[in-house]
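Structural features, examined
Next come the chains, spelled out residue by residue.
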Amino acid sequence: MKRAKIFAAAARLAVYLAALITLGALLFIIGYIVVRGVPHLTWSLFAWRYNSENVSLMPALLNTILMTTLSLLIAVPLGVSAAVYLVEYARRGSRLVRIVRMNAETLSGIPSIVYGLFGMLFFVNALKLGLSMLSGALTLSVMILPVILRTSEEALISVPDSYREGSFGLGAGRLRTIFRVVLPDAVPGILAGVILGVGRIVGETAALIYTAGTASDTVSGIMDSARTLSVHLYALSQEGLYLDQTYATAVVLLGIVIVINALSSALARKVGLHHG
Amino acid sequence: MDKFTIENLDLYYGEFQALKHVGLSVPEREITAFIGPSGCGKSTLLRTLNRMNDLIEGCRITGSVLLDGENIYRGMDVTLLRKRVGMVFQKPNPFPMSVYDNVAFGPRTHGVRGRAKLDDVVERSLRSAAIWDELRDRLKKDALGLSGGQQQRLCIARALAVEPEVLLMDEPTSALDPISTIRIEDLCVTLKENYTIIIVTHNMQQAARISDRTAFFLLGEVVESSDTETMFRIPHDRRTEDYITGRFG
């Protein structure tokens with residue numbers, strides 16, 4: 001009796017501690033970056049051009065936006081279309097569906113440096129796209145495709161079959177049913193996946209260093225080499241010459257990632273409500 | 001005049017035979033009720049009449065189903081068939097869009113364009129479904145915000161909007177409260193002036209109240225079909241009698 005009580009108390013203490021350490025680590029990292037970075041958030045950090053005087057993050061920020069847009073333009077139509085095929089056209093639970101799903105899961109577990117190497121060998125060298133925004137975006141597209149595919153698939157599956165029946169029952173064909181009834185209802189879920197993808201793009205360095213390179217200017221075309229904010233941060237801390245600005249840049253990146261995650265979970269909640 | 005003539009119909013889901021040698025006539029502008037215990041094939045037969053079973057993997061059909069003398073399984077365009085033969089489902093299934101867009105969905109599918117024309121169709125359909133007065137100020141509202149009974153009448157309006165000749169109703173009141181049920185039953189009786197209605201129901205009182213003819217199903221066969229009064233007063237088959245007197249089912 002007494003032993004059981006002691007054991008319960010110890011277990012409770014252990015889980016409290018674990019929770020505390022987890023939370024503490026997160027708060028410590030954020031706090032550390034904020035304390036070191038916020039005082040150095042100056043206007044010069046947001047100047048249009050980067051040089052060794054201002055260490056502006058603006059070109060990298062613009063590149064990040066462009067890189068994200070380009071990657072999404074490639075990955076979203078592909079991923080959503082593939083999901084539509086898997087849910088609306090392929091026989092449910094068929095071999096092909098299972099294989100594609102397993103592949104997607106495996107792909108999403110691969111370290112991003114492997115994508116980077118693949119991108120370098122295939123897009124940069126074999127296709128001769130060079131160190132460019134396009135090579136980087138293509139590599140990132142391959143990387144986030146499984147995320148987009150899986151979340152879109154889940155979103156489509158969660159659309160009740162009664163909607164499809166209702167539409168078919170009115171004489172609508174498959175295409176009309178998909179575009180007018182199923183996809184609109186799945187949009188929030190798909191968006192949640194897209195935003196997750198954006199989060200991965202924004203936070204990515206390893207897949208980009210060997211594909212998009214580290215040129216510090218804002219690109220003038222998709223064949224230019226360019227660094228995104230994360231790569232910029234990596235490059236800065238690698239050089240070690242502008243530590244203050246490095247932390248300030250980290251604050252900005254952190255802010256962006258937190259906003260993106262909040263958006264994604266807000267959307268996911270909305271989806272839950274809708275079908276709940 | 002018979003709207004549907006079903007002859008020697010067999011239907012299989014893979015190896016399982018769900019309908020056996022079904023022969024049945026459905027007269028025009030009357031209400032025909034399909035009754036029988038769960039799994040007897042009444043919903044399955046209903047779904048062969050607008051070919052909704054086409055969507056089910058491994059479903060195979062032999063025999064013939066004639067709509068105005070034309071075999072719906074021989075070269076009839078499914079889109080056109082479903083325009084002529086509308087369907088209302090067991091659970092109200094309005095689309096997650098506005099009341100107006102729900103009703104306009106069918107007409108738009110079949111190529112009706114133009115605001116004025118659509119406005120007209122929407123109003124007419126909602127009036128026919130006896131729900132115009134309740135919804136006239138809420139046309140732009142989300143249909144999922146309506147009550148269950150309103151949703152089902154909206155679904156009836158949605159089906160009527162493509163100007164069908166036949167209305168198939170698959171236990172349309174089984175998910176509704178008694179008051180909503182009565183409203184839908186009254187609506188059916190009104191609608192039969194212009195439409196042929198086939199209703200699947202679990203509820204024998206419902207069949208007795210509103211239908212002109214009744215077909216009794218058991219284990220995939222039509223045991224008996226006749227005008228409703230005869231069926232309920234002097235059933236021919238022992239099994240029909242047992243069922244309608246509540247001895248099983």
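Residues numbered from 1 in each chain as written. Chains lettered and ligands numbered in written order. Predicted model: local features only at pLDDT ≥ 70, side-chain atom pairs only at ≥ 80, totals over all residues.

Once that is clear, we can look at the overall build of chain B. Looking only at helices and strands, chain B has 10 helices and 10 strands in total. The C-alpha radius of gyration computed for chain B amounts to 18 Å, which stays within 12% of the reference 18 Å derived for 249 residues, consistent with globular compactness. Summarising its shape, the C-alpha atoms of chain B cover approximately 55 × 40 × 35 Å along the three principal directions. Sorting the 249 residues of chain B into buried and exposed places 46% on the buried side. (Helix = DSSP H or I, 4+ residues; strand = E, 2+ residues; numbered from the N terminus. Rg over C-alpha atoms; globule rule 2.2 N^0.38 Å. Buried ≥ 20, exposed ≤ 12 C-beta atoms within 10 Å, placed from the backbone.)

Assigned secondary structure in chain A consists of 10 helices and zero strands. In chain A, the succession of α and β elements from N to C terminus is α-α-α-α-α-α-α-α-α-α. When its C-alpha atoms are laid out on the principal axes, chain A stretches across 70 × 70 × 35 Å. Buried residues in chain A amount to 40% of all 276 residues. Pairs at least 24 apart in sequence give 76% of the contacts found in chain A among residues at least 6 apart. (Contact = placed C-beta atoms within 7 Å.)

Bringing the pairing of strand E9 (residues 213-218) of chain B into the picture now. All names here are of chain B. With respect to burial, E9 is a largely interior element, six of its six residues being buried. Burial along E9 is two-sided: Arg-213, Ala-215 and Phe-217 and Thr-214, Phe-216 and Leu-218, pointing in opposite directions, are all buried. Between the end of E9 and the start of strand E10 (residues 221-227), which pair antiparallel, lie two residues, with Leu-219 showing a positive phi angle near 50 degrees. (Pairing = 2+ DSSP bridges.)

What follows deals with helix H6 (residues 161-169) of chain A. Along H6 of chain A, the residues that are buried comprise Gly-166, Ser-167, Phe-168 and Gly-169 of chain A. Where the residues of H6 of chain A are buried, they touch helix H7 (174-203) of chain A together with helix H2 (78-84) and strand E6 (85-88) of chain B. One or two steps after H6 of chain A, the chain reaches Gly-171 of chain A, where phi turns positive at roughly 95 degrees.

Here the focus is the interface of chain A and chain B. Between chain A and chain B, the contact holds 14 residues from the first and 19 residues from the second. Of all elements in the fold, only H6 and H7 of chain A reach the threshold of two or more residues within the side of chain A that touches chain B. At six residues, the largest contribution of residues to the side of chain A that touches chain B is made by H6 of chain A. For the side of chain A that touches chain B, the per-class residue count stands at five nonpolar, five polar and four charged. (Nonpolar A, V, L, I, M, F, W, Y, C, P; charged D, E, K, R; others polar.)

This next bit is on the sheet that holds strand E5 (residues 70-71) of chain B. Across a sheet, paired strands are connected by hydrogen bonds in the backbone, their directions being either parallel or antiparallel. Residue and element names in this part refer to chain B. If you walk across this open sheet you meet the four strands as E2-E1-E4-E5, and the pairing is antiparallel. The open sheet terminates on both sides in strands that have one partner only, identified here as strand E2 (16-27) and E5. Here eight bridges tie strand E1 (residues 2-13) to E2, and the two strands are oriented antiparallel to one another. For Tyr-12, the partnering residue across the bridge sits in E2 and is Gln-17.

The next thing to look at is the nonpolar core. Counting residues in each nonpolar core, the largest one holds 126 residues, and the members touching the most others are Ile-148 of chain A together with Phe-34, Ala-157, Leu-167, Leu-168, Ile-197 and Ile-198 of chain B. Sequence-distant contacts of Leu-167 of chain B, that is, excluding residues within four places in its chain, are made with Gly-86, Val-88, Ala-159, Leu-191, Tyr-195 and Ile-197 of chain B. In this structure, Leu-57, Tyr-247, Ala-248 and Val-251 of chain A belong to the second largest nonpolar core, which totals 10 residues. (Core = buried A, V, L, I, M, F, W, Y, C linked by C-beta atoms within 7 Å.)

This brings us to the packing of helix H3 (residues 99-109) of chain B against helix H6 (residues 148-160) of chain B. Residues and elements named next belong to chain B. Interhelical geometry of H3 versus H6 gives an angle of 35 degrees and a closest axis separation of 7 Å. Of H6, the residues touching H3 (which contributes Val-99, Asn-102, Val-103, Phe-105 and Gly-106) are Leu-154, Ala-157 and Arg-158. Tallied by class, the residues present in the contact of H3 with H6 amount to five nonpolar, two polar and one charged. (Axes fitted to C-alpha atoms, helices over the stretch in contact; angles between N-to-C directions.)

Residues and elements named next belong to chain A. Looking at chain A, the domain boundaries give domain 1 (2-40) and domain 2 (43-275). For domain 1 and domain 2, the distance between their C-alpha centroids amounts to 32 Å. Counted by class, the side of domain 1 that touches domain 2 contains four nonpolar, two polar and one charged residues. (Domains from an automatic or database assignment.)

This next bit is on the environment of Ile-195 of chain A. Residues and elements named next belong to chain A. Structurally, Ile-195 can be placed in helix H7. Owing to 21 C-beta atoms within 10 Å, Ile-195 belongs among the buried residues under this scheme. For Ile-195 and Ser-265, which are 70 residues apart along the polypeptide, the C-alpha to C-alpha distance reads 9.3 Å. Among residues more than four places away in sequence, those in contact with Ile-195 are Ile-260, Leu-263, Ser-264 and Leu-267.

With that settled, consider unusual backbone geometry. Residues and elements named next belong to chain B. A positive phi is found at Asn-8, a non-glycine position, where the angle reads about 50 degrees. Mapped onto the fold, Asn-8 is located in strand E1. Unlike most non-glycine residues, Glu-163 shows phi in positive territory, near 55 degrees. Within the secondary structure, Glu-163 sits in the loop between H6 and strand E7 (166-170).

Moving on to the confidence of the model for chain A. When pLDDT is averaged along chain A, the result is 89, and 97% of the positions lie at 70 or above. Averaged over each element, pLDDT in chain A is lowest for helix H10 (residues 243-275) of chain A (82) and highest for H6 of chain A (95). (pLDDT = per-residue confidence, 0-100.)

Further remarks concern the environment of Glu-153 of chain A. Residue and element names in this part refer to chain A. Relative to the assigned elements, Glu-153 resides in helix H5 (residues 133-157). Spatially, the C-alpha atoms of Glu-153 and Tyr-85 are 9.3 Å apart, while their sequence positions differ by 68 residues. Apart from residues no more than four positions distant in its own chain, Glu-153 is found in contact with Ala-83, Leu-86 and Val-87.

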